[in-house]
Amino acid sequence: MSKILLPTLAALGLMTVAQPALAQASSAECRALAASISVRQQEAETLQLKRDTLAQETELSGEAWENAEAERNFGRAQAAAADETKAAYETLKSEFHRTQAALRAQVERLNGSVARYNQACTSTRG
């Protein structure tokens, strides 16, 4: 019986010694996750501001194009102006959609990081 008890006690002793090391590693990992969440959140906020600005610019550009389109048939200069305003509108609209997609992807990454943090770090704190 003492042959079984001794290795069991030794194993328990190793687990007790190993746990503080795991807690420190977990704490460092949690700090790193928290830092990455902060960075991703700032990036998402920057993209959101850019998207909001582009939304306003695109809306105004679309209105300018509609106004120019109404005068298209008045002459070549008006047709050229309508074409230019449409090109500007299409460019802004494309940039808006790219920014919107980038923001969506960034928010998905942020949500993934938050979920990993909640799973790995908040359950260890009790």
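The model shown is predicted, which means the values in this text are computed figures rather than measured ones.

Structural notes on the environment of T99
On the secondary structure map, T99 appears in helix 2 (residues 76–125). Between the C-alpha atom of T99 and that of A55, which follows or precedes it by 44 residues, the distance is 10.0 Å. With sequence-adjacent residues up to four places away left out, T99 is seen in contact with L47, K50, R51 and L54.

Considering the state of the cysteines
According to the stated counting rule, one finds one disulfide in the structure shown. Shown here is the disulfide that connects C30 with C121, its sulfur atoms set 2.0 Å apart. One quick way to see it: the torsion about the S-S bond of C30 and C121 is about -105°, and its sign makes the bridge left-handed. Remark: C121 occurs in helix 2 and C30 occurs in helix 1 (residues 2–70); sequence separation between them is 91 residues. Residue class for C121 comes out buried when judged on its relative accessible area of 0%.

Thoughts on the packing of aromatic side chains
Under the criterion given, the structure shown has one aromatic pair. Judged by centre distance (5.7 Å) and plane angle (10°), the rings of W65 and Y89 are stacked. Residue W65 is located in helix 1, and its partner Y89 is located in helix 2; the two are separated by 24 residues in the primary sequence. A residue is classified by how much of its surface remains accessible, and Y89, at 17% relative accessible area, is buried.

Topic: the pattern of salt bridges
Enumeration according to the criterion identifies four salt bridges in this entry. The partner of R72 in a salt bridge is E69, and the shortest N-O contact between them spans 2.9 Å. Residue classification places E69 among the partly exposed positions, given a relative accessible area of 29%. Here K93 makes a salt bridge to E90, at a shortest N to O gap of 3.6 Å. Pair noted here: K93 and E90 are both in helix 2, with a separation of three residues, about one helical turn. Among the charged side chains, a network of salt bridges with common partners joins E69, R72 and D83.

Here's the deal with the environment of L54
Inspection of the secondary structure puts L54 in helix 1. Along the sequence, L54 and F96 sit 42 residues apart, while their C-alpha atoms lie 5.6 Å from each other. The contact partners of L54, leaving out residues within four places of it in the chain, are L92, E95, F96 and T99.

Here's the deal with the confidence of the model for the protein chain
Summary statistics for the protein chain give a mean pLDDT of 82 and a share of 77% for residues scoring 70 or more. Contacts from residues 1–25, a stretch scored under 50 in pLDDT, to residues over four places away or in other chains number one contact.

The rules behind the values
- Numbers given for residues are sequential positions, taken from 1 along each chain in its written order.
- In view of the model being predicted, local features appear only for residues whose pLDDT reaches at least 70, and side-chain atom pairs are presented and counted only at 80 or more, with totals across whole chains, interfaces and linings using the full set of residues.
- Side-chain figures throughout are based on the complete set of non-hydrogen atoms in the structure, without hydrogens or water.
- Secondary structure is summarised from DSSP: a helix means a run of H or I of at least four residues, a strand means a run of E of at least two, and numbering begins at the N terminus for each.
- Any pair of residues with heavy atoms lying within 4.5 Å of one another is described as a contacting pair.
- Defined by distance alone, a disulfide is two cysteine sulfur atoms within 2.5 Å.
- Relative accessible area decides the class of each residue, using a 1.4 Å probe on protein chains only: under 20% of the type maximum gives buried, over 50% gives exposed, and in between gives partly exposed.
- Between the rings of Phe, Tyr and Trp (Trp by its six-membered ring), a pair exists once the centres lie within 6.5 Å; its type follows the angle of the planes, with under 30 degrees stacked, over 60 edge-to-face, and the other angles tilted.
- A carboxyl oxygen of Asp or Glu within 4 Å of a side-chain nitrogen of Lys or Arg is what we treat as a salt bridge.
- pLDDT gives the predictor's per-residue confidence on a scale running from 0 to 100.

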